[in-house]
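The lines below spell out each chain.
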Amino acid sequence: MSTHVQKPGWVTVNVLNRFVAWMTRRGISVWGSRVLAVRGRKSGQWRTTPVNLLPLDARQYLVAPRGHVQWTHNMRAAGGGELHLGKRVETFTATEVADDDKAPILRAYLKRWKAEVGVFFNGVGPDSPDDELRRIAPDHPVFEITVTS
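Along each chain, the written sequence defines residue order, and numbers are assigned to residues from 1. For this predicted model, a pLDDT threshold of at least 70 governs which residues receive local features, and a threshold of 80 or more governs which side-chain atom pairs are given and counted, while totals over whole chains, interfaces and linings are taken from all residues. Hydrogens are left out, water is left out, and the side-chain values use all remaining heavy atoms of the structure.

Undergrad: Would you explain the overall build of the chain in this entry?
TA: Labels follow the DSSP assignment, with helices taken as runs of H or I lasting at least four residues and strands as runs of E lasting at least two, numbered in each case from the N terminus. Assigned secondary structure in the chain consists of four helices and six strands. Starting at the N terminus and walking to the C terminus, you meet the elements of the chain as α-β-β-β-α-β-β-α-α-β. In terms of overall dimensions, the chain is globule-like: its C-alpha atoms have a radius of gyration of 15 Å, near the 15 Å expected for 149 residues. The contact criterion used is simple: two residues touch if any of their non-hydrogen atoms lie within 4.5 Å. Within the chain, contacts between residues separated by at least 24 positions form 63% of all contacts whose residues are at least 6 apart in sequence. For the area figures, the Shrake-Rupley method with a 1.4 Å probe applies, and any residue is considered shielded solely by the protein chains shown. Entry remark: accessible area of the chain is about 8200 Å², with carbon and sulfur atoms responsible for 52%. Neither His nor the chain ends contribute to the count of charged residues, in which Lys and Arg are positive and Asp and Glu negative. Charge positions come from single atoms, namely NZ of Lys, CZ of Arg, CG of Asp or CD of Glu. Computed over 21 positive and 14 negative side-chain charges, the inter-centroid distance for the chain is 12 Å. Radius of gyration here is computed from C-alpha atoms only, and the compact-globule reference equals 2.2 Å multiplied by the residue count raised to the power 0.38.

Following this line, the structure appears as structure tokens:
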């Protein structure tokens, strides 16, 4: 498994993520944003972070553009979590998508959010060939989510 991680900068952590989370907590989705809540794998405490929920072919996905970050490790351990949009809370289970199956999901994700996250994909974009998307797939965890509530 890849250990690829791109840590967010100060502006992302202290301004952008807080703003998107603030809007999302008030029920305003910014291009599909949700607040992901997942139990910490060591502490058992709820951890939250803003994410982009990708609907694709009647399924929903969470993609980690920055790589194998804390929420992805926690998701693997917990097997699911909650997505918050305002007062609406959806409980879900998560299944990690195999690297070989990620290309169409990464392409759709980049089509929608390239301006926001494209820098984390090392020059690969929505119009890149499938082999390029497969090359970067191990660096970007993808989870298919199934809403249970």
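Back to the write-up after that little detour.
Undergrad: Is there a simple way to think about the sheet that holds strand β3 (residues 59-63) in this case?
TA: In sheet architecture, strand pairing relies on hydrogen bonds along the backbone and comes in two forms, parallel and antiparallel. As summarised here, the arrangement of the six strands in space is β1-β2-β3-β6-β5-β4, forming a closed barrel in which the pairing is antiparallel. For this sheet, the mean angle separating the axes of adjacent strands, direction not counted, is 45°. In this scheme, strands are said to pair when DSSP sees at least two bridges between them. When strand β2 (residues 46-56) meets β3, the two strands line up antiparallel, connected through four bridges. When the bridges of β3 are listed, P55 appears paired with Q60. Strands β1 (33-39), β2, β3, β4 (80-85), β5 (88-96) and β6 (142-147) of the sheet are contacted by helix α2 (residues 70-78), whose axis makes an angle of about 55° with β1. Sheet strands touched by helix α3 (residues 103-117): β2, β3 and β6. Its angle to β2, the strand with the most contacts, is close to 110°. Lines fitted to C-alpha atoms define the axes, with helix axes restricted to the stretch in contact, and inter-axis angles between N-to-C directions lie between 0 and 180 degrees.

Undergrad: In this structure, what is going on with the side chain of K102? I would like to understand it.
TA: For K102, the location among the structural elements is in the loop between β5 and α3. The term polar contact refers here to a pair of N or O atoms within 3.5 Å; inside protein, the definition further demands a hydrogen-donor-capable atom paired with an acceptor-capable atom, and it admits residues adjacent in sequence only when both atoms are side-chain atoms. A polar contact of 3.0 Å, which involves the side chain of K102, links it to the backbone oxygen of H140. Beyond its immediate stretch of four places on either side in the chain, K102 contacts V97, A137, P138, H140, P141 and V142.

Undergrad: Just checking my understanding: could you explain the pattern of salt bridges for this structure?
TA: Pairing between side chains of opposite charge can happen when their charged atoms approach one another. For this document, the term salt bridge refers to a Lys or Arg side-chain nitrogen within 4 Å of an Asp or Glu carboxyl oxygen. Applying the stated criterion to the full structure yields six salt bridges. For E144, the salt bridge goes to R59, with nearest N and O atoms at 3.8 Å. Highlighted residues: E144 in strand β6 and R59 in strand β3, separated in sequence by 85 residues. On the basis of relative accessible area, R59 is assigned to the partly exposed category, the value being 44%. Between E96 and R76 there is a salt bridge, with the nearest N and O atoms lying 2.8 Å from each other. With E96 in strand β5 and R76 in helix α2, the pair connects residues that are 20 residues apart, well separated along the chain. Take E96: its relative accessible area is 35%, and that puts it in the partly exposed class. Relative accessible area serves as the criterion here: at 27%, R76 is assigned to the partly exposed category. The rule is simple: take the accessible area with a 1.4 Å probe, protein chains only, and divide by the maximum for that residue type; under 20% is buried, over 50% is exposed, in between is partly exposed.

Undergrad: Mind showing me how you'd approach the pairing of β3 here?
TA: Strand residues, when the strand is regular, have side chains that alternate between the two faces of the sheet. Taking the residues that link successive antiparallel strands as the turn, the β2-β3 hairpin has two residues, and the phi of D57 there is positive, at about 50°. The pairing of β3 with β6 spans four bridges and is classified as antiparallel. When the sheet's bridge partners are listed, V63 is paired in β6 with V142.

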